[in-house]
Amino acid sequence: MINFNVPPYAEKAMDYIRECVENQKICGDGPYTKKCNEWLEEKTGTAKCLLTTSCTHATELAALLLPEIGPGDEVIMPAYTFVSTADAFVLRGAVPVFVDIRPDTMNIDDRLIEEAVTERTKAIVPVHYAGVACEMDTIMDIADRHHLAVIEDAAQGIMSTYKGKALGTIGDFGCFSFHETKNYSMGEGGALLIRDERNVEAAEIIREKGTNRSKFYRGQIDKYTWINYGSSYLPSDMNAAYLYAQLEIAEEINDARLTIWNRYYENLAPLAEAGKIELPVVPEGCVHNGHMFYLKARDIEERTALIAYLKDNGIHAVFHYVPLHTAPAGLKFGRFHGEDRYTTRESERLLRLPMYYGLELGQVEYICETLGKFYR
Ligand SMILES: *Cc1c(COP(=O)(O)O)cnc(C)c1O
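This report concerns the structure included in the present document. (Residues numbered from 1 in each chain as written. Predicted model: local features only at pLDDT ≥ 70, side-chain atom pairs only at ≥ 80, totals over all residues. Heavy atoms only, no water.)

Digging into the overall build of the protein
Then step 1. When helices and strands are counted, the protein shows 13 helices and 13 strands.
Then step 2. The C-alpha radius of gyration of the protein comes to 21 Å, within 12% of the 21 Å expected for a compact globule of 376 residues.
Then step 3. On the principal axes, the C-alpha backbone points of the protein span a range of 75 × 55 × 35 Å.
Then step 4. Split into buried and exposed, the 376 residues of the protein put 57% on the buried side.
Then step 5. For the protein, long-range pairs separated by at least 24 residues make up 71% of all intrachain contacts whose partners lie at least 6 apart in sequence.
Then step 6. If you sum the accessible surface of the protein, you get close to 16,200 Å²; carbon and sulfur atoms cover 51% of it. (Helix = DSSP H or I, 4+ residues; strand = E, 2+ residues; numbered from the N terminus. Rg over C-alpha atoms; globule rule 2.2 N^0.38 Å. Buried < 20%, exposed > 50% of the residue type's maximum accessible area, 1.4 Å probe, protein only. Contact = heavy atoms within 4.5 Å. Areas by Shrake-Rupley, 256 points an atom, 1.4 Å probe, with all protein chains shown as cover.)

Describing the site of the ligand
Then step 1. The immediate surroundings of the ligand are formed by 14 residues, with T56, D153, Q156, S177 and K182 found nearest.
Then step 2. At 2.9 Å, a backbone N or O of C55 approaches an oxygen atom of the ligand.
Then step 3. Here an oxygen atom of the ligand and a side-chain polar atom of Y321 are 3.4 Å apart.
Then step 4. In isolation the ligand offers 380 Å² of accessible surface; the protein chains occlude 93% of this area.
Then step 5. Across the shell around the ligand, the residue classes tally to five nonpolar, seven polar and two charged. (Near = heavy atom within 4 Å. Polar contact = N/O pair within 3.5 Å; in protein donor to acceptor, adjacent residues only side chain to side chain. Nonpolar A, V, L, I, M, F, W, Y, C, P; charged D, E, K, R; others polar.)

Examining the nonpolar core
Then step 1. Of all hydrophobic cores here, the largest spans 49 residues; its most connected members are L40, L51, F178 and Y184.
Then step 2. Of all elements in the fold, only α1 (13-22), α2 (31-44), β1 (48-52), β3 (95-99), α5 (136-146), β9 (190-194), α8 (237-248) and α9 (250-273) reach the threshold of two or more residues within this core.
Then step 3. The element best represented in this core is α8, accounting for seven residues.
Then step 4. Ranked by size, the runner-up nonpolar core spans 33 residues in total, among them C55, A62, L64 and I69. (Core = buried A, V, L, I, M, F, W, Y, C linked by side-chain atoms within 4.5 Å.)

Thoughts on the packing of aromatic side chains
Then step 1. Applying the stated rule across the entire model yields 17 aromatic pairs.
Then step 2. Centroid distance Y80 to Y321: 5.1 Å. Interplanar angle 75°. Geometry classified as edge-to-face. Residue Y80 is located in the loop between β2 (74-78) and α4 (83-90), and its partner Y321 is located in the loop between α10 (300-312) and α11 (328-333); the two are separated by 241 residues in the primary sequence.
Then step 3. On the basis of relative accessibility, which here comes to 17%, the residue Y321 falls in the buried class.
Then step 4. Here the aromatic rings of Y264 and F293 are separated by 4.8 Å at their centres, their planes lie at 25°, and the arrangement is stacked. Taken together, the residues Y264 in helix α9 and F293 in strand β11 (residues 293-296) connect sequence positions 29 residues apart.
Then step 5. Looking at Y264, the relative accessible area reads 0%, which means it is buried.
Then step 6. Members of the aromatic cluster, connected to one another through ring pairs, are Y80, F82, Y129, Y294 and Y321.
Then step 7. We note R303 situated over the ring of F319; from NZ or CZ to the ring centre the distance is 3.9 Å. (Phe/Tyr/Trp six-rings, centres within 6.5 Å; stacked < 30°, edge-to-face > 60°. Lys NZ or Arg CZ within 6 Å of the ring centre and 35° of its normal.)

Observations concerning the layout of surface pockets
Rolled over the atoms, a probe sized like a water molecule indicates the empty space that remains.
Then step 1. In this model, the largest pocket occupies a volume close to 440 Å³.
Then step 2. Taken together, 23 residues line the largest pocket, and the ones lying closest to its centre are F82, H179, T181, K182 and Y321.
Then step 3. At the level of elements, α3 (55-64) and α4 are the ones that each hand at least two residues to the lining of the largest pocket.
Then step 4. For the lining of the largest pocket, the per-class residue count stands at six nonpolar, 13 polar and four charged. (1 Å grid on protein atoms, 1.4 Å probe; cavity = no way out; pocket = protein on both sides within 12 Å on 5 of 7 lines; lining within 4 Å. Points joined across faces, edges and corners; volume = space filled by probe spheres on them.)

Some remarks on the packing of α3 against α4
Then step 1. As a packed pair, α3 and α4 sit with axes 8 Å apart at the nearest point and diverge in direction by 35°. Judged by the twist between their axes, the crossing of α3 over α4 is right-handed. Along the contact surface, α3 presents T56, T59, E60 and A63, while α4 presents S84, A88 and F89.
Then step 2. Considered class by class, the residues forming the contact of α3 with α4 number three nonpolar, three polar and one charged. (Axes fitted to C-alpha atoms, helices over the stretch in contact; angles between N-to-C directions. Left-handed = near helix turned anticlockwise from the far one by under 90°.)

Some remarks on helix α13 (residues 361-375)
Then step 1. End to end, α13 covers 21 Å across 15 residues, agreeing with the expected 21 Å (1.5 Å per residue, within 8%).
Then step 2. Here α13 has its buried residues at V364, I367, C368, T370, L371, G372 and Y375.
Then step 3. Residues of α13 that are buried make contact with α9, β11, α10 and β13 (350-353). (Expected span 1.5 Å × (residues − 1).)

Focus on the sheet that holds strand β10 (residues 286-287)
Then step 1. Overall, antiparallel pairing links the three strands, which are arranged β7-β6-β10 in an open sheet. Because the sheet does not close on itself, it has two edges, and the strands there are β7 (165-166) and β10.
Then step 2. With two bridges connecting them, strand β6 (residues 161-162) and β10 associate as antiparallel partners. Across the sheet, residue Y162 finds its bridge partner in β10, namely C286. (Pairing = 2+ DSSP bridges.)

Concerning empty space enclosed by the protein
Then step 1. As enumerated under the stated definition, the model contains four cavities of 30 Å³ or more in all.
Then step 2. Quantified by volume, the largest cavity comes out at close to 60 Å³.
Then step 3. Forming the boundary of the largest cavity are T105, Y129, A130, V132, W261, P280, V281, V282, H288, M292 and Y294.
Then step 4. Among the residues making up the lining of the largest cavity, the classes are represented as nine nonpolar, two polar and no charged.

A few points about α1
Then step 1. Among the residues of α1, A13, Y16 and C20 are the ones counted as buried. For α1, the arc enclosing every buried residue in end-on projection is 70°, short of the 170-degree limit, so these residues lie on one face.
Then step 2. Immediately downstream of α1, the backbone of Q24 shows phi near 55°, a positive value. (Arc of directions from axis to C-beta.)

In short, the description is geometric, and any link to function would need to be established separately.
Below is the structure:
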């Protein structure tokens, strides 16, 4: 069976984890967490990066950093996304306002955002699906004009750029995921990127149970105390050690993923030209990270048949995201603005093919041949 995903692993990980255990440095904010934060700051150019226990928690932390978001306030986001994008704001009593996606990138349709803005709107949460950027110039312009915060769900977007800027660094806050299905992993984990220096101290306090312990550790104060509300969003340094080994070879992992992505694209181009399937679109100005390779079948029936056919041939392909506005919690907590022209229809056609660091090009060839047979 060709798996859909295999968690990324870099050889040095075992040495680094052993070092944590031997030195008895396994709690949060140890040497490897610092190394990861610095690496991410250097790579993305953001003012500050804080490793977290997940992207879900990074988003929650961002929501807690925006005290202006409270019960009844509205947050605009795409309907086609993972639940965490909405959860973070629902926990604050806010209403997710779902907007339709664009069929080319599956990202929020930037042309529909402004009409969804009301007096209660406080933020926009663009999700960079498949590591391909949303139209950030348009989104930042709307946010500026209406005084809205922007929190980028860049769970899939590490190493990707929009007009030369790293995803996650354009909005007020950016959130990365290091879940095992993402390009770089620490099992469970994530990171919050903070664009403005002024928000760093508040973020450190909320991440450390509402205390100023980070300042204490740096020797800036004599004792630490309870300053604000907060939670515990810092991962064990062992998880950071596992991640850091991959960050050291980040370019190699990224190149390998792009090689796989490009091979899929070239091999499947004839099927797309024949009108049998549709392939992903990467707009001008966007550099992606090979996070995901998907195709679109004609409709849900064809996709179901295709998944079964691939499975019979030893290939595990998957789909995801029940559009949030149709899920029980989405119906309860949110609302859809405008017309669902593409979200449901396109989500039912989308199929994700195996994609991971270590997938062999021979396997990609076999998957593409199998797809060719299905359509013949
Ligand atoms: C994976 C993912 C998340 C959640 O990441 P975790 O680290 O598992 O919390 C959120 N949003 C999107 C778009 C994702 O793909």
